[in-house]
Amino acid sequence: MSILTKIEGEFDSLLHHLNGKSGLAWNRLREEAFENFKKLGIPTVKHEDWKYSSLKGLEKYDYTLSSASSLSREEVAELPFADLEGLQLVFVNGNFSAELSSPLLNEKIKVLDFKEAEKLIPEVLNEYYGKGLDVEKEGLSALNVALSREGAVIHVPDHTTLEEPVVIRHIHATGQEHIRNSVHHLAVIGKNSEAKIVEIFQNIGENSSFTNIATEIFLSEDARADYYKIQDENDASFHVGTTQVLQKDRSYFYAATFTVNGGFVRNNLNLVLDGEHIESHMYGLYIPNGSQHVDNHTLVDHQKPNSESNELYKGILDGRSKGVFNGKIFVRQDAQKTNAYQNCRNVILSETAGMNTKPQLEIWADDVKCSHGTTTGKLDDDAIFYMQSRGIPKAEAIRLQLAAFAEDVVSQIKWEALREPLDILILKKLQA
Amino acid sequence: MLSISNLQARVESKEILKGINLEVKPGEVHAIMGPNGSGKSTLASVLAGRETFEVTGGSVEFNGKDLLELAPEERAAEGIFLAFQYPIEIPGVTTINFLKTAINQIRKYHGKDPLDAAQFLKLMKEKAKTVKIDDQLLRRSLNEGFSGGEKKRNEIFQMAMLEPTLAILDETDSGLDIDALRIVAEGVNQLRSKDRSFIVVTHYQRLLEYIVPDYVHVLYKGRIVKSGTKELALELEEKGYDWIKAEADSVSA
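**Student:** Could you give me a rundown of unusual backbone geometry, with the residues and numbers involved?
**Tutor:** Residues and elements named next belong to chain B. Its identity as a non-glycine residue notwithstanding, Asn6 has a phi of 50°, on the positive side. Within the fold, Asn6 resides in strand β1 (residues 2-11). Accessibility expressed as a relative area gives 38% for Asn6, which makes it partly exposed. Residues other than glycine seldom take positive phi values, yet Glu163 does so here, at roughly 45°.

**Student:** Can you break down the packing of aromatic side chains residue by residue, with the values?
**Tutor:** All names here are of chain A. With the rule as written, the count across this model stands at 18 aromatic pairs over all chains. The interplanar angle of 5° and the centroid separation of 4.0 Å between the aromatic rings of Phe11 and Phe34 together place this pair among those described as stacked. Remark: Phe34 occurs in helix α2 (residues 25-40) and Phe11 occurs in helix α1 (residues 3-17); sequence separation between them is 23 residues. Members of the aromatic cluster, joined through ring pairs, are Tyr61, Tyr63, Phe210, Phe238 and Phe264. Taking NZ or CZ as reference, Arg266 lies 4.1 Å from the ring centre of Trp50, over its face. A cation over a ring is seen here: Lys314 above Phe405, with NZ or CZ 4.2 Å from the ring centre.

**Student:** Residues and numbers for the interface of chain B and chain A, please.
**Tutor:** By a frequent convention, interface size equals the accessible area lost on bringing the separate parts together. Counting residues at the interface gives 30 residues for chain B, matched by 16 residues for chain A. Three residues stand out in chain B for area buried against chain A, namely Glu73, Ile88 and Phe98 of chain B, and they jointly supply 26% of the buried area on that side. Summed over the shared surface of chain B and chain A, the result is two salt bridges. In this structure, Glu155 of chain B and Arg390 of chain A form a salt bridge, with 2.7 Å as the shortest nitrogen-oxygen distance. At the surface where chain B touches chain A, the tally comes to eight residue pairs in polar contact (both at pLDDT 80 or more).

**Student:** Account for the sheet that holds strand β21 (residues 369-377) of chain A, naming residues and giving values.
**Tutor:** Within a sheet, adjacent strands bond to each other through the backbone by hydrogen bonds, running parallel or antiparallel. Residues and elements named next belong to chain A. Taken in spatial order, the 10 strands of this open sheet run β3-β2-β7-β9-β11-β13-β15-β17-β19-β21, and their pairing is mixed. The open sheet has two edge strands, β3 (95-96) and β21, and neither has a second partner. Contacts from helix α8 (residues 394-410) reach β13 (252-261), β15 (279-286), β17 (308-317) and β19 (339-348), with the element oriented near 155° to β17. Across the face of the sheet, helix α9 (residues 416-431) comes into contact with β9 (194-204), β11 (224-232), β13, β15 and β17 while running at roughly 35° to β13.

What counts, and at which threshold
Residues numbered from 1 in each chain as written. Chains lettered and ligands numbered in written order. Predicted model: local features only at pLDDT ≥ 70, side-chain atom pairs only at ≥ 80, totals over all residues. Heavy atoms only, no water. Helix = DSSP H or I, 4+ residues; strand = E, 2+ residues; numbered from the N terminus. Buried < 20%, exposed > 50% of the residue type's maximum accessible area, 1.4 Å probe, protein only. Phe/Tyr/Trp six-rings, centres within 6.5 Å; stacked < 30°, edge-to-face > 60°. Lys NZ or Arg CZ within 6 Å of the ring centre and 35° of its normal. Contact = heavy atoms within 4.5 Å. Buried area = accessible area lost by both parts, 1.4 Å probe. Salt bridge = Lys/Arg side-chain N within 4 Å of Asp/Glu carboxyl O. Polar contact = N/O pair within 3.5 Å; in protein donor to acceptor, adjacent residues only side chain to side chain. Pairing = 2+ DSSP bridges. Axes fitted to C-alpha atoms, helices over the stretch in contact; angles between N-to-C directions.

It is worth stressing that arrangement in space is one thing and function is another; only the former is reported here.
Written out as structure tokens, the structure reads:
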């Protein structure tokens, strides 16, 4: 059965299961989104934004949607980041696992799974679910909005700090089957409130997983959020993820994306700066090898005056891996006194690895400071010889240099507990 | 200690060293002088093991070992140190971290336990004092944004830390004002000992006023065409290189 026929069947069955709730706004949006998806389909390299990233490989696998799988606590505890402090929400094959997760938070602050949220805070879903995403142009975003009934829903009311970080772990149990999942997280951070979120993606098993995920973050006035995304998926995996952020006046957003492993990865990070005196930071590190493919598309849309965005992405590419970086910065006519900085630096370690970079600045305002730069180069042979001449073996010299290269991004992590397991993961990859 | 015989090397298809012979005994200081393009820096690089240069003939024995068979890091572990003419900037790696890795790799090569952080810092403070280098500089990324003088001083500091048996200074005087030159020379002189030898590569005699050599050799067109004592350096300072060139060219003609 083709993937599209399967998806139609899944959507019909979803509508059936919604029994009676289909009149609610967010469920009406599903139907609209599904109509869009039928028109748009799964993107191909003919789409400008997908020129260098082909999803054709998906055809090789016969995916099962969100197949329930029972992983034991022990299996999950063995994975990196298992001990990370915080409210842990564990999704196995795209299904929320209450057993593997911390107790949900249902007080003034809500940290719920999607189905609980449907019962307890439907008004939040009504107001925010799918609202930030471009379901009219992005086929997979449309599909995500149509199909997702799993995810974390975080609601932090005004003047409140969510003290514990929210640790969202996506574990693909791909020992037996090829798994497809559709997950949608929603975080609504109230005025002058604060939250810290990390999403982690991992496989147990060598079969393919196809993750189509959307994370929407809404930051009210003076709100602050730190958002980390850590990808350590297997070589057969496909990952298409969109993190969509809407920022209001004086809000602060920090994102750091670490793609350590993954067969095919496409990350969209879209920031809409709908306010003044906003501060936004985007950091990324990707270190593909073998035949891994990592594509980062970022968009910062400066809509109002006096805001600042800052972006640094770095890549280390080995083997036959391919990297893509596309960084869009829009500065609207109203957005005077905008400061926007973007930088993408890459090191290529083999003759067969490749990197495509495309900064895309569209500036309609006249009093702005914008800069962008991309570099792609090899390791500096002179520097390696210099280190060798002091007694450091070549392999160690290379590793030291790569670690130093990555350090610009890694050192930006403000969450100490996250650094250690991440450092280990990165070091292990660089030694491979 | 070091015995170079008939050493030949080229870069791509260009022959640069055309048969170098040189004996260096423990504790000796040899100056290698010569006009630009004579092969002085190539000799220094070949001894340190730079891959850009291909050795096409001859041999180099260092403390009984075939030096040319060793990787650059093995040469360093065996006691060879090259002070670079243009020290490399390495962003993101502090001098401290760099040297700690280097020292512990060399210790590992000799089957010794690594120094712990406290032992290393003690050693570092001690050596920093002897070569008058600021602690703060060592906490910064290696050579990044350093002035020319700071870079050269950092080379001498690294030399003091690694305690080589043969130190090769490749035009360490280039780009230094007289004060910086004195500090660098003082650092080198403190490291002189009966077991440690130096090869000082320089274009000018100036450095040799402060680091007094036992022997002076003149390199021209890839060969040592004249050897003498420190007086030869003075003669070169006075008369320039032309008379040597003429002499050498008439012999080879």
